[in-house]
Amino acid sequence: MIKTLSPGKVTLAQLETIWRDGTAVMLDKSAQPRVEAAADLVRRAAMGDSAVYGVNTGFGKLAAVKIAGKDTEKLQQNLILSHCCGVGEALDIPTTRLMMVLKLLSLGRGASGVAWGTITLLQDMLATGVTPVIPSKGSVGASGDLAPLAHMAAVMIGAGEAVFEGEIMQGADALNRAGLAPIILGPKEGLALINGTQFSTACCLTGLWGAWGNAQGSLITASLSTDAIMGSTAPLLAEIHLLRGQQGQILAAQTQRALLKGSQIRESHREDDSRVQDPYCIRCQPQVSGAAMDLLNAAARTLEIEANAVTDNPLVLVDPTHPDGGCIVSGGNFHAEPVAFAADQIALAIAEIGSISQRRVALMVDPNLSHDLPPFLTPDPGLNSGLMIAEVTAAALMSENKHLANPCSTDSTPTSANQEDHVSMAAHAARRLGQMNENLNTILGVEAICAAQGIDFRAPIKTSSPLQKVIKTLRKRVPKLEKDRYLAPDLAAASDMIRAGDLLAGLKLPDLQQAPPPEIQP
């Protein structure tokens, strides 16, 4: 199935489906006339006497060098090959395909000057499964993601490497086996393909979607932990959160109220409980996870705009009323500062969700704080260490994420002989989100294991029906801990269930970009 997209009007929900399902896409044909008009404007500029950056000049610091009309094709080819300087592990295939889709959307706005045939080849590569091998390191996020996108463009001209039918091969061979032919780049086309923020944006989007899944998971694990330590649900009262008015906080508390409704454990200690207040990691979960959700939604708004944006340079401004049909102007849309800021926001949210989750794990394994749970949640402490080191692992990953959350957008270094003297660092700002989400998957997985174990110790009284179902799902892969065993597979399984959203199945949880309800009643 091929999905038709309208440039400038694509939603994050559409892009997430494309990323997860590997859907091929094509642009709505209504985009073609404007694309062709921009390409015609570039062709005429290439034959003219005036210097137009990237059309008949060199690039970057070499922009003052005028290129003869007969060499414009070679200029674009040289640009692609010389910029293939990426290093490191290859980007995964789903994110690479998402990057290609984002490039299509940008080119489809009709302000880049590429031929419609260039767009067609990108569409055909997605449809047939020709996926360029994109080294993940080498971009500073301005002038666009030059190196990663050059590796994509290289395959389009029959160079570089690609994956086809599960095999890495030369780009030309991949195209040939898919029944496709390489293109000869026209004026400016190489520059349009490699200049832009699509690598950073694709990586940032996948980080955003992973972070939102973790945020949803944290509402479940926090609710489990609340019952495990026989915590109070009074801090979840709607009135508290409505008085503050923060949307994420309101939704987080609403979700936890629903998850804990009907818990026998909660009802069992409403009276004669000597504890006046729970620690902050229980009491302030809506305030922390809700603030993280608000931060993620802010990043989502930025990234949805960026996904639909034209971010190459120069831009071809088609204008039928202009005597030349429009003009070609140099700007700076390739600077990925908005993406870098969004990535830093997402990183902060991931780190804080993990930070408060790890404190709940520490609470549950500590017999001085867990309200009568056995030390380290083992039935026979001393002979058995139980979940002692699982908590240490969560602490290690939490601390690692704190370091990874340090901002990347505040860093810059001059490049290209000081012509490109301020850069965004959006690429690795976005790329680190994958590792941070993996770490958080495990932190939340450890919390789920500990909380389920704690709730089991509260038998015969039971938790709520929704949380019983969560524990039942967890127990399919992580049995109750009766005595010490090799725990690494349990942590891996719980982490995978958090990542895959298995514990979320059938539960009503806040959605990314969810419209705020006009009023939330207690």
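Residues numbered from 1 in each chain as written. Predicted model: local features only at pLDDT ≥ 70, side-chain atom pairs only at ≥ 80, totals over all residues. Heavy atoms only, no water.

Peer 1: Summarise the environment of Glu391; cite the residues concerned and give the values.
Peer 2: With respect to the element layout, Glu391 can be found in helix H16 (residues 388-404). Sequence-distant contacts of Glu391, that is, excluding residues within four places in its chain, are made with Gln358, Val361, Ala362, Val365 and Val446. (Helix = DSSP H or I, 4+ residues; strand = E, 2+ residues; numbered from the N terminus. Contact = heavy atoms within 4.5 Å.)

Peer 1: Give me the side chain of Thr96: which residues, what numbers.
Peer 2: With respect to the helices and strands, Thr96 occurs in helix H4 (residues 93-107). By relative accessible area, Thr96 is classed as buried at 0%. The contact partners of Thr96, leaving out residues within four places of it in the chain, are Leu91, Thr131, Pro132 and Ile134. (Buried < 20%, exposed > 50% of the residue type's maximum accessible area, 1.4 Å probe, protein only.)

Peer 1: Help me get a handle on the pattern of salt bridges, residues and values and all.
Peer 2: Overall, the coordinates contain 13 salt bridges when judged by the stated rule. Between Glu167 and Arg177 there is a salt bridge whose closest N-O contact spans 3.4 Å. With Glu167 in strand E7 (residues 167-170) and Arg177 in helix H7 (residues 171-177), this residue pair connects regions lying 10 residues apart in the sequence. Using a relative accessible area of 39% as the deciding quantity, one classes Glu167 as partly exposed. The exposure class assigned to Arg177 is partly exposed, which follows from its relative accessible area of 44%. Asp344 serves as the salt-bridge partner of Arg432, at 2.3 Å between the closest nitrogen and oxygen. Taken together, the residues span a long stretch of sequence, with Arg432 in helix H17 (residues 426-457) and Asp344 in helix H15 (residues 337-365) at a distance of 88 residues. Each member of the pair, Arg432 as well as Asp344, is classed as buried. A single salt-bridge network, built from bridges that share partners, covers Asp40, Arg43 and Arg44. (Salt bridge = Lys/Arg side-chain N within 4 Å of Asp/Glu carboxyl O.)

Peer 1: Account for unusual backbone geometry, with residues named and values stated.
Peer 2: With omega at 10 degrees, the peptide bond leading from Ala142 into Ser143 counts as cis. At the junction of Asn313 and Pro314, the peptide bond is cis and its omega measures out at -5 degrees in the coordinates. Within the secondary structure layout, Pro314 lies in the loop between helix H14 (285-307) and strand E8 (315-318). The phi dihedral of Ala417 falls on the positive side, at around 55 degrees, and the residue is not glycine. Assignment of secondary structure puts Ala417 in the loop between H16 and H17.

The values are spatial; any link to function lies outside them.
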